[in-house]
Amino acid sequence: MSYITGPDVVKYACTCGLLKPISYLYFCRYCTQLRCSFCVCHEVDSNFCGKCSENIPSSEARSKKNRCGNCYICPSCEQELSPRVASSKASAEGDEKVAARKMYYLFCQFCRWSSRDVGIPDQSSVTGGWPERENVHANSLHELLDLDKAIVLAQKQQQEKDKKKQRGKFISYTDRTGVTAAALRKRIGLPADLTHPLLKSKPKEPEPMVARTEVEKLPDDIFTKPINLMEITTINQRLLQPEAQPTTVDKLFPVHKQLSIKRTLRCRTCEHNVSKPEYNPSSVKFKIQLFAYYHVPEVRIVTVEPLRAGKPCELILKFTNPTQHQTTISFEELNLVECSEIEENKFSELVQNLSIQDKQPLSLSNQSSGSLSLSSRSPSIVVKPRTITKSTNCTVEIPTSSFILLPRDDAAEYDDSGDTHSIQDDPKLVKWRKSNKAFVRLTVTPDEGLPLNTEVNCGFVMQHLYTNTISGQLEKKEPQKYDHKVKVFLTLGVTVGSE
Amino acid sequence: MAIYETLNSDKLTVVLDIGTVYTKFGFAGEFAPRNIMKSTVRCKRTDRLRRIWDYESPEDLYDLLVEFIHVIYFKYAILSPKDKPIIIVESLLCPTLFRETLAKVLFSHFEISMMLCLPSHLVSLASMAVDTALVVDVGYKEAVVIPICHGLPMLQAWQALPLGAQAIHNKVRQLLGSNNTGIQNLGEDVMEDIKVRCCFVTEKSRALQFASEKPSIQFCPDVKYPIGGTESIIVSGKVREKAFEILYEEDNDHLCLSTMILDAILQVDINLRQLLAENIFLIGGTAMTAGFKARLKEELEGQLENERYGKLHLKKLAFHSPPCKENYAAWLGGAIYGATELLNMRAVTKEIYFKEKRLPDWIHLSETSRNL
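Everything quoted here is computed from the prediction, not taken from an experiment.

Turning our eyes to something else, we now look at the overall build of chain B. Counting secondary structure elements, chain B contains 15 helices and 15 strands. Expressed as a percentage of its 372 residues, the buried residues of chain B come to 61%. Looking at chain B as shown, the accessible area adds up to about 15500 Å², and 51% of this sits on carbon and sulfur atoms.

This next bit is on the overall build of chain A. Broken down by element type, chain A carries 10 helices and 22 strands. Across the 499 residues in chain A, those meeting the buried criterion constitute 36%. In chain A, 66% of the contacts between residues at least 6 apart in sequence involve partners at least 24 apart. Put simply, chain A shows about 30300 Å² of open surface, and 52% of that area lies on carbon and sulfur atoms.

To continue, consider the side chain of B:Glu299. Mapping B:Glu299 onto the fold places it in helix H11 (residues 292-304). In this structure B:Glu299 touches B:Lys204, B:Tyr248 and B:Ser258, once residues within four positions along its chain are discounted.

Residue and element names in this part refer to chain A. With respect to the helices and strands, the residue Thr 491 is situated in strand S22 (residues 480-494). At 3.3 Å, the side chain of Thr 491 forms a polar contact with the side chain of Asn 457. Setting aside anything within four residues of it in sequence, one finds Thr 491 in contact with Val 9, Ile 301, Lys 390, Glu 455, Val 456 and Asn 457.

Take the sheet that holds strand S16 (residues 327-332) of chain A next. Note on sheets: strands pair through backbone hydrogen bonds, and any given pair is parallel or antiparallel. All names here are of chain A. Strand order in the open sheet formed by six strands is S2-S1-S22-S21-S16-S18, and the pairing between neighbours is antiparallel. The open sheet has two edge strands, strand S2 (19-20) and strand S18 (403-405), and neither has a second partner. Summarising the sheet, strand S21 (residues 455-468) and S22 pair through 14 bridges and their orientation is antiparallel. Across the sheet, residue Met 462 finds its bridge partner in S22, namely Val 486.

All names here are of chain B. Between helix H2 (residues 58-77) and helix H3 (residues 96-109), the shortest axis-to-axis distance is 9 Å and the interhelical angle comes to 55°. Taken together, H2 and H3 sit at an angle that is classed as oblique. The crossing of H2 and H3 is right-handed. Judged by residue contacts, Pro 58, Leu 61, Tyr 62, Leu 65, Val 66 and Ile 69 of H2 engage Leu 97, Phe 98, Thr 101, Leu 102, Lys 104, Val 105, Leu 106, Ser 108 and His 109 from H3.

Quick look at the sheet that holds strand S13 (residues 286-289) of chain A now. Within the open sheet, the five strands sit side by side as S6-S5-S11-S12-S13 (chain A). Their pairing is antiparallel. The strands lining the two open edges of the sheet, one partner per strand, are strand S6 (55-56) and S13 of chain A. Of the pairings in the sheet, the one linking strand S5 (residues 40-48) of chain A to strand S11 (residues 260-267) of chain A comprises eight bridges and is antiparallel in character. When the sheet's bridge partners are listed, A:Val40 is paired in S11(A) with A:Cys267. The strands that H2(B) touches are S5 and S11 of chain A; relative to S5(A), the one it contacts most, it runs at about 25°.

To continue, consider the interface of chain A and chain B. In many reports, interface size means the accessible area that the parts give up when they come together. If you look at the interface, chain A gives 72 residues, while chain B gives 92 residues. The junction of chain A with chain B conceals about 6900 Å² of combined surface from both sides, 61% of it contributed by carbon and sulfur atoms. At the junction of chain A with chain B, the criterion picks out three salt bridges. Of the charged contacts, one joins A:Lys156 and B:Glu341 as a salt bridge, the two residues approaching to 2.7 Å between their closest N and O atoms.

What follows deals with the packing of aromatic side chains. Residues and elements named next belong to chain A. In this structure the tally under the stated criterion is 21 aromatic pairs over all chains. The interplanar angle of 55° and the centroid separation of 5.6 Å between the aromatic rings of Tyr 26 and Phe 291 together place this pair among those described as tilted. With Tyr 26 in strand S3 (residues 25-28) and Phe 291 in the loop between S13 and strand S14 (298-304), this pair connects stretches of sequence that are 265 residues apart. Note on Phe 291: relative accessible area 18%, which makes it buried. Judged by centre distance (5.2 Å) and plane angle (40°), the rings of Trp 432 and Phe 439 are tilted. Here Phe 439 falls in the buried class, since its relative accessible area comes to 17%. Taking NZ or CZ as reference, Arg 116 lies 4.1 Å from the ring centre of Tyr 105, over its face.

With that settled, consider the state of the cysteines. Residue and element names in this part refer to chain A. Within the structure shown, the criterion is met by zero disulfides over all chains. Here Cys 31 stays unpaired: no disulfide links it, and the sulfur of Cys 270, its closest cysteine neighbor, is 3.4 Å away. For Cys 394, which is in no disulfide, the shortest distance to another cysteine sulfur is to Cys 458 and amounts to 4.8 Å.

Here the focus is the pattern of salt bridges. Evaluated as defined, the whole model comprises 26 salt bridges over all chains. Residue A:Glu80 pairs with A:Lys257 through a salt bridge whose shortest N-O separation is 3.1 Å. Residue A:Glu80 is located in the loop between strand S7 (67-73) and strand S8 (81-85), and its partner A:Lys257 is located in strand S10 (residues 255-258); the two are separated by 177 residues in the primary sequence. Its relative accessible area of 31% is what places A:Glu80 among the partly exposed residues. For A:Lys257, a relative accessible area of 16% gives the class buried. Of the charged contacts in the structure, one is a salt bridge between A:Lys225 and A:Asp221, with a shortest N-O distance of 3.9 Å. The network of salt bridges with shared partners includes A:Arg268, B:Lys82 and B:Glu111.

Residue and element names in this part refer to chain B. Counting buried positions along helix H9 (residues 257-267) gives nine out of 11 residues, so the element sits mostly inside the fold. Of all the positions in H9, only Leu 257, Ser 258, Thr 259, Met 260, Ile 261, Leu 262, Asp 263, Ala 264 and Ile 265 are classed as buried. On its buried face, H9 sits against strand S8 (133-138), strand S9 (143-149), strand S11 (159-161), helix H10 (273-277) and H11.

If a residue is not glycine, its phi is most likely negative; likewise, a peptide bond is most likely trans. Residues and elements named next belong to chain B. If you check the backbone angles, Ala 129 has positive phi at about 60° while not being a glycine. Tracing the backbone shows Ala 129 in the loop between helix H4 (120-123) and S8. A positive phi angle, close to 65°, is found at Lys 357, a residue other than glycine. With respect to the helices and strands, Lys 357 occurs in the loop between helix H14 (350-356) and helix H15 (365-371).

This next bit is on the pairing of strand S9 (residues 104-108) of chain A. Residue and element names in this part refer to chain A. Of all five residues that make up S9, five are buried, and the element is covered over most of its length. Across five bridges, the pairing between S8 and S9 is antiparallel. If you follow Arg 84 over to S9, its bridge partner there is Tyr 105.

Rules behind the numbers
- Residues numbered from 1 in each chain as written.
- Chains lettered and ligands numbered in written order.
- Predicted model: local features only at pLDDT ≥ 70, side-chain atom pairs only at ≥ 80, totals over all residues.
- Heavy atoms only, no water.
- Helix = DSSP H or I, 4+ residues; strand = E, 2+ residues; numbered from the N terminus.
- Buried < 20%, exposed > 50% of the residue type's maximum accessible area, 1.4 Å probe, protein only.
- Areas by Shrake-Rupley, 256 points an atom, 1.4 Å probe, with all protein chains shown as cover.
- Contact = heavy atoms within 4.5 Å.
- Polar contact = N/O pair within 3.5 Å; in protein donor to acceptor, adjacent residues only side chain to side chain.
- Pairing = 2+ DSSP bridges.
- Axes fitted to C-alpha atoms, helices over the stretch in contact; angles between N-to-C directions.
- Parallel < 35°, antiparallel > 145°, perpendicular 65-115°, else oblique.
- Left-handed = near helix turned anticlockwise from the far one by under 90°.
- Buried area = accessible area lost by both parts, 1.4 Å probe.
- Salt bridge = Lys/Arg side-chain N within 4 Å of Asp/Glu carboxyl O.
- Phe/Tyr/Trp six-rings, centres within 6.5 Å; stacked < 30°, edge-to-face > 60°.
- Lys NZ or Arg CZ within 6 Å of the ring centre and 35° of its normal.
- Disulfide = S-S within 2.5 Å.

Laid out in structure tokens, this is it:
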């Protein structure tokens, strides 16, 4: 694919200010704006195991620590392990029994590590029952954690109580009248020696660990015994098992395979999805795919004359209309300074509007405190677009006339009857056209005084007529048309010397 | 028990300890990080791996962190970051630019609901339920000593020296270069691997012998270390034993790892000194090396006999051994703190962040004066 879309000589400016080739961009139909992976909100859609291609519900994934229960990776080289049937040494003893239960072990086909190397007994089922290792400190840490939780909870309750007390101070007259709480208690007939509730429920302090004066010494033979590097694990092998971090290879245990995810991408401004994959892990298709490639005309460089500083040269671009609707394309000069100013104003307006809208949902979520906020999405924060840093060193002569791109017709590829379109083109602008493509001639002039072998960059604003079909369907009206402007940056090549 | 808890708690809390080389990632309430990965990001422009701490500008750091946190959430955590809390375990000496940028990335790009920053030296004590200890963090870039007294970090007593894995890697490279060729072309990961698999911290008596003109003892055996399958280099016994000596070589100011620890003890109240000396706690990946603790003890005892530390009158030195590996001790503390209600009590929420536009910090006057 990369030989079709790359090298990235044509880049489009995303709304967020990043320059990306069109194959990396999304197009939100609701805001009619370009979006890229940087400025959309990513969400986890579904979990699956990349080896067994099985969908795993998020609750199960959570309980299995985001790892597949059945698939393992090699602790030595991180490749996938495959179960193997144990060689039938035991079969000599009794043929009938062996047929009934096959034994399996795990084997890495890349580095030939096997579960037998570390002394894991063979298992009778393919999928599981491999021994898991427990954290030796888990019990003591668990106790500690429970005690800590209790202490902090008590602190919190104390804080809340203190708050209540402060409020109550102004109502109570017991201090002034001399009727103390104890006296009152006696009068009502409650037991007087009631201990303070906080003192009673005071949580147990965890037992602190005691430091030791004796420390582990180096083994005596370390100074004399040669070491075998094959027996010592590398740092990557150690960190693959963070809990145990084995230092020798005989303690390497198979590691559960990490799950993979499918992602949903959501536009931050309008909260609509721009990309949503199908649920099935083995499917590579999408339910929603608003890729810019299907909505925005594609620009490709066909030829460019040798670039010489200060000399005009001809540039031929190919424009392709990917949509089912006819579009008109016109050009405008690229003015980066002005653009950023306008956008900043637009953004500040947007933020003001948003902040007014935001107020309600925010206060709502505060009241419901967590329980509701899970289901209701809080509105996204719109990040201020950054200014485009790319500079151009070449002027493009902007054509005054515009041209039409015919809608995409899949059957046209097989139509040999020739070009039968009846479009009156400006012959100076459009060189040639076929079905939904047009070849356009532009004149570019690299800046005067550019040294040899400098990369020449130019840019222009492409305005195309975008036909939005969504709103039309909803209200049963004619599809709405928008003029959508995209900043396109071209990398033309390097300057050469005079003829 | 643990399984039910994770099912019941409606929100998983990510605990992150972003180190210079390795980032520890896991969830609150668990006792080991899920992953320990390199703190690197693949640069899209140059297609090279870049460390996130090697940032060039604030904008550069922002982009690096966006990429890095994205990978953590969608590759390892498998969790949408939006409206989820996060716990960051950080050094008290973390640059303001880094933490502010991190907060900006987390709040405005990933839209997390709340963020709790915990000082690594303090929280690493949580796994041992100790409230007074001298915490020595020997990491990649530097070794930082901060005494913790009754749950309070004694910041005026902090000590830091660039004695960490980076210095050791450079030393390994320098020592290897003396009897091998082409060492300069090897990457730092090779140096790290040689250090981890071959080197150890030798005993003080041997180190003194080697320093003398005619050592009467032999270095430990050489190791043939394969490079790229076909070639191999010789890692001599000298390299293996001397690589870590850099931690105890006094610099021009007569400072090294052992003096740093004692200087930190000198800076605190006289009544706390003996208590701190009996509660020395080593954290950080470098502290996991074989023989590290034994040598440090020897060195400290040696320094105490000097006149320089005579007024300390320390009778006993004792070291803690945590219920975890040293390289994730700080992370574990964060995970324990994060499982309690502290998250809801102390965290910086989205609302507060966007109102204040910055994180609370101990160096900031407004926060410190509020506490007084």
